[in-house]
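One letter stands for each residue in the lines below.
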Amino acid sequence: MLRLEAVSKRYGRGEWIVRDVHAEIPGGEITTFAGGNGSGKSTLLRILVGVSRPTSGVVSGRPRLIGYVPDRFVPNGRMSAAAYLTHMGRIRGLTTRAAETRAHHLLDRLSLVGGKEARLHTLSKGNAQKVALAQALLVEPELLVLDEPWSGLGASAHGILAEIMSEVARSGGSVVFTDHREAVTRVLPSRAYTVGNGGVVLRSPQAQDEHRPVTEIVLVHPDGAHPDGAHPGGAWLDGIGGVRSVEACGAHLVVRVDRDRADSLLLTALQKGWSVVAVTREDRSRDDRSHDATDAVAARSAR
Amino acid sequence: MIALIRYSFAVVLHTQRYLAPLLLFTGLMGVLTVNGNGPLPPAYASSAGALFVASTWLTVALISLDSPAQRAIVVVSTGRSAKVLAGSIGTVLISCLALLVFGLFFPLWMGSYQVGPTDLLLGTVAQLTCALTGIAIGLPCSRLVFRRRGHALVAALALVMAALFTQGAPPVNRLLRLMATSPDSADLLAPATGMLAAALVLLAASAWITQYLTTRRE
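Predicted model only: the values in this text are computed from it and were never measured. (Residues numbered from 1 in each chain as written. Chains lettered and ligands numbered in written order. Predicted model: local features only at pLDDT ≥ 70, side-chain atom pairs only at ≥ 80, totals over all residues. Heavy atoms only, no water.)

Trainee: Would you mind showing me how to read the interface of chain A and chain B here?
Mentor: Bring the parts together and some accessible area is lost; that lost area is often taken as the interface size. Every contact between the two is made by 25 residues of chain A and, on the other side, 23 residues of chain B. Roughly 2200 Å² is buried in total at the junction of chain A and chain B, and carbon and sulfur atoms are behind 62% of that figure. Put simply, chain A and chain B have 0 salt bridges between them. Between the two partners, chain A and chain B, sit 1 residue pair in polar contact (both at pLDDT 80 or more). Within the residue set of the side of chain A that touches chain B, elements represented by two or more residues are helix H1 (41-49), strand S5 (66-69) and helix H2 (81-91) of chain A. The element contributing the most residues to the side of chain A that touches chain B is H2(A), with 5 residues. Residue composition of the side of chain A that touches chain B, by class: 12 nonpolar, 6 polar and 7 charged. (Contact = heavy atoms within 4.5 Å. Buried area = accessible area lost by both parts, 1.4 Å probe. Salt bridge = Lys/Arg side-chain N within 4 Å of Asp/Glu carboxyl O. Polar contact = N/O pair within 3.5 Å; in protein donor to acceptor, adjacent residues only side chain to side chain. Helix = DSSP H or I, 4+ residues; strand = E, 2+ residues; numbered from the N terminus. Nonpolar A, V, L, I, M, F, W, Y, C, P; charged D, E, K, R; others polar.)

Trainee: Please explain the nonpolar core as it appears in this structure.
Mentor: Grouped together as the largest cluster of nonpolar side chains are 104 residues, with contacts concentrated most on Tyr84(A), Val131(A), Leu133(A) and Leu146(A). Of the residues forming this core, the biggest block, 12 residues, is contributed by helix H3 (residues 41-63) of chain B. Those residues in contact with Tyr84(A) that sit more than four places away from it in its chain are Phe73(A), Met79(A), Leu120(A), Val131(A), Gln135(A), Tyr7(B), Gln70(B) and Ile73(B). Of all hydrophobic cores here, the second largest spans 25 residues; its members include Leu4(A), Val21(A), Val195(A) and Val200(A). (Core = buried A, V, L, I, M, F, W, Y, C linked by side-chain atoms within 4.5 Å. Buried < 20%, exposed > 50% of the residue type's maximum accessible area, 1.4 Å probe, protein only.)

Trainee: Before we go on, may I ask you to explain the packing of H3(B) against helix H8 (residues 172-181) of chain B in this structure?
Mentor: Packed helix pairs are specified by the crossing angle of their axes together with the interaxial distance, meaning the distance between the axes. Residue and element names in this part refer to chain B. Their axes nearest at 7 Å, the elements H3 and H8 cross at an angle of 155°. Compared by their axis directions, H3 and H8 come out roughly antiparallel. In the crossing of H3 with H8, the sense of the turn from one axis to the other is left-handed. The residues of H8 that touch H3, namely those facing Pro41, Pro42, Tyr44, Ala45, Ala48, Gly49 and Phe52, are Val172, Leu176, Met179 and Ala180. Across the contact of H3 with H8, the residue classes tally to 10 nonpolar, 1 polar and no charged. (Axes fitted to C-alpha atoms, helices over the stretch in contact; angles between N-to-C directions. Parallel < 35°, antiparallel > 145°, perpendicular 65-115°, else oblique. Left-handed = near helix turned anticlockwise from the far one by under 90°.)

Trainee: How should the sheet that holds strand S12 (residues 252-258) of chain A be read in this particular structure?
Mentor: What links the strands of a sheet is backbone hydrogen bonding, and the strands pair in either a parallel or an antiparallel sense. Residue and element names in this part refer to chain A. Pairing is antiparallel across the open sheet formed by 4 strands, whose spatial order is S11-S12-S10-S13. Only two strands of the sheet have a single partner each, and these edge strands are strand S11 (243-249) and strand S13 (275-282). On average, each strand axis in the sheet is inclined to that of its neighbour by 15°, with strand direction left out of account. As judged from the 7 bridges shared by strand S10 (residues 214-220) and S13, these two strands associate in the antiparallel manner. Looking at the pairing, leucine 219 lines up with valine 276 of S13. (Pairing = 2+ DSSP bridges.)

Right, dumping it as structure tokens:
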């Protein structure tokens, strides 16, 4: 397991950027480091991937295959996105042919706007970030490290990013990402650290959930197909982050999802042929009021 | 390593950063060797001097090409930053070999010299010595070590001047002086080979220092 032990970093005789950091990043899990701007998150990630060396302390158990997506990818040159990725694939030891195939597959999946032959310097920030993400996935990483992936990538690519993260975690890899807004993390991380004042603290899962508004969505499948018990929502739900719980109540599927992911969940549900019965705000601080006579609750109690 | 060198070449060719050092080299060659005659060593001293300045510039330009974020990606993809540095050195070295061939035959084509196999060998050894020394100067005078490009440029300029004009300083100044004053290539071959060895040591030391400073700075 990747482990940071008493890791500290400063440049020259400057101030400590991170100090005495202890953290564990287990395989098969999604770990997040949240904290304000300049809190040392990026430095921590650079130490994790091995680009930067800690001033003191030890990083142990770093896997060999690492995918790293920096926060600002400023591609230089007139190389096309596909050519760039092919070069990166070859550097990672792929054959030219394998690298090309993989590059095209990833760019298709991330739906790069402007085409695969678009020159790197003409790409918008969101599209450049897609290329940065693709290069990290050319070889399936054992450790995927993303610096502020949500802010760099356009909102339309958030769903696919969440999907990719859970894929890497499911196949046993570790996923680490940072976000400067502590409350808004679009995939539910298994482990969350808060970075601040140079130190890092592990947040308890309950604490993460606090103050995050939740939307309850009740869906029904028009074919009358009953959601099966083991996997009530079907695989498509896994791709969307922020899902708190999924319950099957008769023909209805009740999904509780973080407020900020509700839109994309609804969109995907409609695309998958589900029909929406009800959408309710579940306000935790005012439980009593929000549960008043809403359709969803009525529907549930009727069952 | 081959993949790294291919990538470096692709970036350099796409950004056209090779143009300025290339123009400088061909310009110097033109000024210094066109219509020359007599023994070859002085002409090859000019080729070697031109290649020295060009290789320094090329090294600085090539190593400073990738933005820090892009370099981080390449380092993570490669696995070791030392290998990335070695890839950059390899790329400059191959470019310098191409220039070396030009520097070897351009004087023969443009002037009327008495040419023999030892002359060609001396020309190769002398240019290689200067190319290696140029790379050795260029490595630390790059974005890897200097945060500001202006400082790197001043440092490179100072080191190039010092190597060219410090009386009797090995390898560049001493080699060029010997070649400019002695017409016999056979006599020069032994000291030139010594200078080549010195340049190799210099390059190894420079690569080590650059790598050390880079990892400390990152």
